[in-house]
Amino acid sequence: MIRFVVGGAVDKQKVAQLIKDLGGDNVSVEIKSDIEAAMAVKTGKADYYVGACSTGGGGALAMAMALLTAQKCATVSMPGKPPKEQDVLKAVVDGKVAFGFTNDHIEKAITYIVNAILKNKE
């Protein structure tokens, strides 16, 4: 079971539901505040943090970067720069555990993130 926590500034319910829809019985999802979500990953109570905001990095990842370090975080989309599947897969393979993206790219970002994590866990 892969444990996701959803932080970020916007659309937490939408992000969580999409993770559940894509991951099915292979995932668990909890919605938390940014600090609670980042701490859950840091303390091993969750495996991955995801969050959306308007810029993809600020409100989505600020607390994760502070607690987990920038080396464990990846901004997978920004305004005008949609996520790329190969970049997300590389981030997962490279050991990133926190992912930020813009709220207008939620569907693609979450699809790429969940698929890359599931593929990498095989």
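Scoring rules and cut-offs
All residue numbers refer to position in the chain's written sequence, counted from 1. Residue-level local features of this predicted model are given only where pLDDT is at least 70; pairs of side-chain atoms are given and counted only at 80 or more, and the full residue set underlies all totals for whole chains, interfaces and linings. Water and hydrogen atoms play no part in the side-chain values, which are based on all heavy atoms of the structure. If DSSP finds at least two bridges between two strands, the strands pair. Numbering of helices and strands runs from the N terminus; a helix is a DSSP stretch of H or I covering at least four residues, while a strand is a stretch of E covering at least two. Interaxial angle, 0 to 180 degrees, is taken between N-to-C directions of lines fitted to C-alpha atoms, where a helix line uses only the stretch in contact. Pairs of residues are marked as contacts when any of their non-hydrogen atoms sit within 4.5 Å.

Looking at an unreviewed UniProt entry, one finds the chain named DUF2620 domain-containing protein, with Thermoanaerobacterium thermosaccharolyticum M0795 as its source organism.

K.L.:
Describe the sheet that holds strand β3 (residues 48-53), listing the residues and the values that go with them.
P.N.:
What links the strands of a sheet is backbone hydrogen bonding, and the strands pair in either a parallel or an antiparallel sense. Ordered in space as β2-β1-β3-β5-β4, the five strands form an open sheet in which the pairing is parallel. The sheet terminates laterally at β2 (27-31) and β4 (73-75), the two strands that pair on one side only. Neighbour-to-neighbour, the strand axes of this sheet turn through a mean angle of 20°, independent of strand direction. Bridging between strand β1 (residues 2-8) and β3 involves five bridges; their strand directions are parallel. Bridging across to β3, Val 6 finds its partner in Val 50. Running over the sheet, helix α2 (residues 34-42) touches β1 and β3 and is turned about 150° from β1. Running at roughly 145° to β3, helix α3 (residues 58-68) makes contact with β1, β3, β4 and β5 (98-102) of the sheet.

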